Amino acid sequence: MMSKCMKYLPEADQFYLDKTIADGDIPPSKYAGLCSLEKFYEDPKSSDGNSYRLQNWMFGIRMMQYADALEHLLSTGQGVILERSPFSDFVFLEAMLKNEYIRPQCVNHYNEIKDVSIDEFLPPHVAIYVDVPAAEVYKKIQEKGDAIEKKVALPYLQSIEDAYKTSFLPKISETTEVLQYPGGDALNVEQVAEDLEYVKITKGPWLEQTDVSFHHLRLLVQDKFKVTNLFVLPTFIPEVTVGGIMYDKLYYQYRNFTGKKFAKGYNEDVGDKYIWLK
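Residues numbered from 1 in each chain as written. Predicted model: local features only at pLDDT ≥ 70, side-chain atom pairs only at ≥ 80, totals over all residues. Heavy atoms only, no water.

For the rest of this paragraph, the subject is helix α7 (residues 154-172). For α7, built from 19 residues, the straight-helix expectation of 27 Å at 1.5 Å per residue is met to within 8% by its first-to-last C-alpha distance of 25 Å. The principal kink in α7, of about 40°, is found at Tyr 164. Among all positions of α7, only Tyr 156, Leu 157, Ser 159, Ile 160, Glu 161, Ala 163, Tyr 164, Phe 168, Leu 169 and Ile 172 are buried. Elements that come into contact with the buried residues of α7 comprise α2 (37-42), α4 (90-98), β3 (126-131), α6 (134-144) and β4 (177-182). (Helix = DSSP H or I, 4+ residues; strand = E, 2+ residues; numbered from the N terminus. Expected span 1.5 Å × (residues − 1). Bend = angle between axes of the 7 residues up to and from the residue. Buried < 20%, exposed > 50% of the residue type's maximum accessible area, 1.4 Å probe, protein only. Contact = heavy atoms within 4.5 Å.)

A separate point is unusual backbone geometry. Backbone geometry follows two general trends: most residues other than glycine have a negative phi, and most peptide bonds adopt the trans configuration. Despite not being glycine, Leu 34 has its phi angle at roughly 55°, a positive value. Inspection of the secondary structure assignment puts Leu 34 in the loop between α1 (16-20) and α2.

At their nearest, the axes of helix α3 (residues 50-76) and helix α5 (residues 104-115) sit 11 Å apart, and the two run at 10° to each other. With respect to α5, the axis of α3 lies roughly parallel. On α5, the residues that touch Tyr 52, Gln 55, Asn 56 and Phe 59 of α3 are Cys 106, His 109, Tyr 110, Ile 113 and Lys 114. Counted by class, the contact of α3 with α5 contains five nonpolar, three polar and one charged residues. (Axes fitted to C-alpha atoms, helices over the stretch in contact; angles between N-to-C directions. Parallel < 35°, antiparallel > 145°, perpendicular 65-115°, else oblique. Nonpolar A, V, L, I, M, F, W, Y, C, P; charged D, E, K, R; others polar.)

A few words now on the domain arrangement of the chain. Domain annotation for the chain reports domain 1 (7-241) and domain 2 (243-277). With centres defined by C-alpha atoms, the gap from domain 1 to domain 2 works out at 28 Å. Between domain 1 and domain 2, the residue contacts involve 13 residues of the former and 14 residues of the latter. Summed over both sides, the interface between domain 1 and domain 2 buries roughly 990 Å², with carbon and sulfur atoms accounting for 55% of that surface. Where domain 1 packs against domain 2, one counts one salt bridge. For the salt bridge of Lys 260 with Asp 18, the shortest nitrogen-to-oxygen distance reads 3.1 Å. Summed over the shared surface of domain 1 and domain 2, the number is three residue pairs in polar contact (both at pLDDT 80 or more). (Domains from an automatic or database assignment. Buried area = accessible area lost by both parts, 1.4 Å probe. Salt bridge = Lys/Arg side-chain N within 4 Å of Asp/Glu carboxyl O. Polar contact = N/O pair within 3.5 Å; in protein donor to acceptor, adjacent residues only side chain to side chain.)

One pass over the full model with this rule turns up 15 aromatic pairs. Judged by centre distance (6.2 Å) and plane angle (45°), the ring pair of Tyr 31 and Tyr 254 falls under tilted. Of this pair, Tyr 31 sits in the loop between α1 and α2 while Tyr 254 sits in helix α11 (residues 244-255), and the two are 223 residues apart along the sequence. The same class applies to Tyr 31 as to Tyr 254, namely buried. Joined through ring pairs, the aromatic side chains of Phe 40, Tyr 41, Tyr 101 and Tyr 156 make up one cluster. (Phe/Tyr/Trp six-rings, centres within 6.5 Å; stacked < 30°, edge-to-face > 60°.)

The next thing to look at is the UniProt feature "domain: Deoxynucleoside kinase" (unreviewed entry) in the chain. In the numbering adopted here, UniProt assigns the feature "domain: Deoxynucleoside kinase" (unreviewed entry) to residues 36-179. The span residues 36-179 is 58% helical and 8% strand by assignment, and the distance between its end C-alpha atoms comes to 33 Å. (UniProt positions renumbered as here; feature names shortened; annotations may be inferred.)

This brings us to the layout of surface pockets. Of the volumes computed, that of the second largest pocket is approximately 1,700 Å³. In terms of lining residues, the second largest pocket is bounded by 42 residues, among which Leu 17, Tyr 31, Trp 57, Thr 228 and Tyr 247 are the most central. For the lining of the second largest pocket, the secondary structure elements donating two or more residues are α1, α3, α5, α10 (224-230) and α11. Its residues assigned to classes, the lining of the second largest pocket shows 24 nonpolar, ten polar and eight charged. Here the lining of the second largest pocket spans two domains, and each of domain 1 (7-241) and domain 2 (243-277) adds at least three residues to it. (1 Å grid on protein atoms, 1.4 Å probe; cavity = no way out; pocket = protein on both sides within 12 Å on 5 of 7 lines; lining within 4 Å. Points joined across faces, edges and corners; volume = space filled by probe spheres on them.)

Side chains Glu 177, Leu 179 and Tyr 181 of β4 all project onto a buried face; the interleaved residues Val 178, Gln 180 and Pro 182 project onto a face where none is buried. Judged from the six bridges that link them, β3 and β4 form a sheet pairing that is parallel. Among the inter-strand pairings, Tyr 129 is bridged to a residue of β4, identified as Gln 180. (Pairing = 2+ DSSP bridges.)

Written out as structure tokens, the structure is:
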């Protein structure tokens, strides 16, 4: 079946770049966006702007993972399954704003970045939405989640559900085939796999592409520095703006970690060999 022939990429976390690109150990969170998921659960309204800093960082991370997925697809022909893409990332932003975790100016900043970046990518062929009520999700978190996750507020989860249904699904349906299923134990995974096997792609920009446009998209997504430049804008906003002195300090501290001095495969301190031949 199609699902058995596709590559699966689990949901990216805050340290996705260090896990996929760099050698060595995972550094402290201040070297990965200067944000903290734990702090978001503890104090989502923190005055230091952690909530938006986390959201802004995770949008970039999801863009990078999506670029990796497109690169794999265009290089091998094998499809990719993602748990979440940058196209649905904004539901968290809307939920944060509704619950007053972030300022309206943060939304403007996010949309400015999104408007000049995400359109460079083709949207997913298919989006799968499993409809689980927020109250049920909250109950499962309280029963099985870790101590930090259990601090998430039900109104925030409800706002995410509302954003999916009122904003994401209508928007993504314009370019992407959508499969919706009720949640819970009634969800039949084999049925979903069969539906994927027979879904017909009848809309979206994928149908308008040529060998030349696919070639240029592949050149883009395999160059991660170009991808990064898509969502890095010289726009000041206190939550995410880092001063030059602090940035310089963090940069050189990071480079002193094991395996971080040079690009992946070129760090002798983690056992990389034959460096001079590469």
